[in-house]
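Observations on the model geometry
Single-letter residue listing:
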Amino acid sequence: MNDQASNTTPQQNTGTHRIGPITIGRAIALTAAASLLVGLILGPIISGHPTLAADPTTTPEHTVTVSSSGVVSVAPDVADVVIGVMAQKTTVAEAQSAAATSMTAVIAAVKKTGVDAKDIVTVNISLNPVYDYGTNGANPRLTGYQFANTIKVTVRDISKVAAVVDDSMAAGATTVNGITFHVGDPKAAQAQARGLAMADARARADALATAAGVSVKGVATIAETSSQPMPVYYSGATLDAAKAQSVSTPIQTGTTDITIQVTVTYLIG
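Attention now goes to the overall build of the chain. Helix and strand counts for the chain come out as five helices and eight strands. Counting from the amino terminus, the chain carries its helices and strands in the arrangement α-β-β-α-β-β-α-β-α-β-β-α-β. Accessible surface, the chain as shown: approximately 16,800 Å² in total, 58% of it carbon and sulfur.

Printed below as a string of structure tokens:
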């Protein structure tokens, strides 16, 4: 009985080890054959599909790229005026109080000209020590403090700009840093400038195409850039001189340019 049992076990183990490698080998062979068959079937389909394979015989599109600008000059209808007060006192509290009193009066004067409260914005507040440096290399001595408060006033009625400047200085403003003019709603002028730019770009493209013996067939791409109007600037020194003469400050708004630049790539053939 023991001999029979010992002979049976090795035979079963040997059979199992032989079957495993043969089965796996056949599976790999079948998988490889199936992959090859799929490749033979799908290869011609993919290569012949227009979106899946590039056609080496296709001729690339011919283009010409031009840049052009359209400029429209318009009269500005909005002004920004920067107005400030400055007070110098022995203590911080005294300097702050004096500046606050002056700025309160300035803001009240600006509002009386018709400027809305939402168009008055504080843009700077500063506090600085004041020193006396003496002579002969003496150590600096603190003598007081300088407090400054600055606002930007947006004047939407361009005819009120002179009144804003004169009345604010009369109320206690010590600085008028400048005036800038711009267009409140530039969309109409931008549309006009855009049309001019595109018309000029097409004319340039047609001229180039004609010179090359071809013609414009269509548009491939368009890129647009716009430039901000250059502000008209008046310095504070000029306004202070007008105040000293006790006459209304002359304000000249001039014109401002709105520019649209386009870069267009045209199809030619």
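Now, onward.
In this section: the sheet that holds strand E6 (residues 216-227). Taken in spatial order, the three strands of this open sheet run E1-E8-E6, and their pairing is antiparallel. Each edge of the open sheet carries a strand with a single partner, namely strand E1 (62-74) and E6. Neighbour-to-neighbour, the strand axes of the sheet open up by a mean angle of 20 degrees, direction not taken into account. Summarising the sheet, E6 and strand E8 (residues 256-268) pair through ten bridges and their orientation is antiparallel. Among the inter-strand pairings, Ala223 is bridged to a residue of E8, identified as Thr263. In this fold helix H4 (residues 187-211) packs onto E1, E6 and E8, with an angle of close to 145 degrees to the strand it touches most, E1.

So, about the confidence of the model for the chain. Residues with a pLDDT of 70 or more make up 71% of the chain, whose mean pLDDT is 80. Here residues 1-25 is a poorly scored stretch, pLDDT under 50, and it has zero contacts once near neighbours within four places are set aside; other chains count. Here residues 232-245 is a poorly scored stretch, pLDDT under 50, and it has 31 contacts once near neighbours within four places are set aside; other chains count.

Our focus in this paragraph is the environment of Asp157. Checked against the element boundaries, Asp157 lands in the loop between strand E4 (141-155) and helix H3 (161-171). Given the relative accessible area of 37%, Asp157 is considered partly exposed. With 42 residues separating them in the primary sequence, Asp157 and Val115 have C-alpha atoms 8.4 Å apart. Within the structure, Asp157 has its side chain in polar contact with the side chain of Ser159 (distance 2.7 Å).

Turning our attention to the pattern of salt bridges. Across all of its chains, the model carries seven salt bridges by this definition. For the salt bridge of Lys118 with Asp119, the shortest nitrogen-to-oxygen distance reads 3.6 Å. Under the relative-accessibility criterion, Asp119 is labelled buried at 8%. Here Arg156 makes a salt bridge to Asp119, at a shortest N to O gap of 3.0 Å. Separated by 37 residues along the polypeptide, Arg156 in the loop between E4 and H3 and Asp119 in the loop between helix H2 (92-112) and strand E3 (120-132) bring together distant segments of the chain. Through salt bridges with shared partners, a single network forms among Lys118, Asp119 and Arg156.

The subject of this paragraph is the packing of H2 against H3. For any two helices packed against each other, one specifies the crossing angle of their axes together with the interaxial distance. Following both chains from N to C, one finds H2 and H3 inclined at 150 degrees, their axes separated by 8 Å at the closest point. In this view, H2 runs roughly antiparallel relative to H3, as classed from their interaxial angle. Considering only the axes of H2 and H3, their crossing is right-handed. Along its contact with H2, which presents Ser102, Ala105, Val106, Ala109 and Val110, the element H3 presents Val164, Asp167, Ser168 and Ala171. In the contact of H2 with H3, the residues fall into six nonpolar, two polar and one charged.

What follows is about the environment of Thr91. Note that Thr91 resides in the loop between strand E2 (78-89) and H2. Taking the relative accessible area as the measure of exposure, Thr91 reaches 34% and is therefore partly exposed. Engagement of the side chain of Thr91 in a polar contact is seen with the backbone nitrogen of Glu94, the distance being 3.2 Å.

What follows covers H2. Taking 1.5 Å per residue, 21 residues should reach 30 Å; H2 reaches 30 Å between its end C-alpha atoms and fits that length. Taken together, the buried residues of H2 touch E2, E3, E4 and H3. Just past H2, the residue Gly114 takes up positive phi, approximately 110 degrees.

To continue, consider H3. Three or more residues of H3 are buried, namely Val161, Ala162, Val164, Val165, Asp166, Ser168 and Met169. At the exit of H3 stands Gly172, carrying a positive phi of roughly 130 degrees.

Here we take up a nonpolar patch on the surface. Nonpolar side chains collect at one region of the surface, where Tyr131, Tyr133 and Leu142 lie side by side and expose about 330 Å² of accessible area between them. Here Tyr133 is to be found in the loop between E3 and E4.

The rules behind the values
Residues numbered from 1 in each chain as written. Predicted model: local features only at pLDDT ≥ 70, side-chain atom pairs only at ≥ 80, totals over all residues. Heavy atoms only, no water. Helix = DSSP H or I, 4+ residues; strand = E, 2+ residues; numbered from the N terminus. Areas by Shrake-Rupley, 256 points an atom, 1.4 Å probe, with all protein chains shown as cover. Pairing = 2+ DSSP bridges. Axes fitted to C-alpha atoms, helices over the stretch in contact; angles between N-to-C directions. Contact = heavy atoms within 4.5 Å. pLDDT = per-residue confidence, 0-100. Buried < 20%, exposed > 50% of the residue type's maximum accessible area, 1.4 Å probe, protein only. Polar contact = N/O pair within 3.5 Å; in protein donor to acceptor, adjacent residues only side chain to side chain. Salt bridge = Lys/Arg side-chain N within 4 Å of Asp/Glu carboxyl O. Parallel < 35°, antiparallel > 145°, perpendicular 65-115°, else oblique. Left-handed = near helix turned anticlockwise from the far one by under 90°. Nonpolar A, V, L, I, M, F, W, Y, C, P; charged D, E, K, R; others polar. Expected span 1.5 Å × (residues − 1). Patch = residues over 30% accessible without salt bridge, like charges linked within 9 Å, V, L, I, M, F, W, Y side chains within 5 Å.

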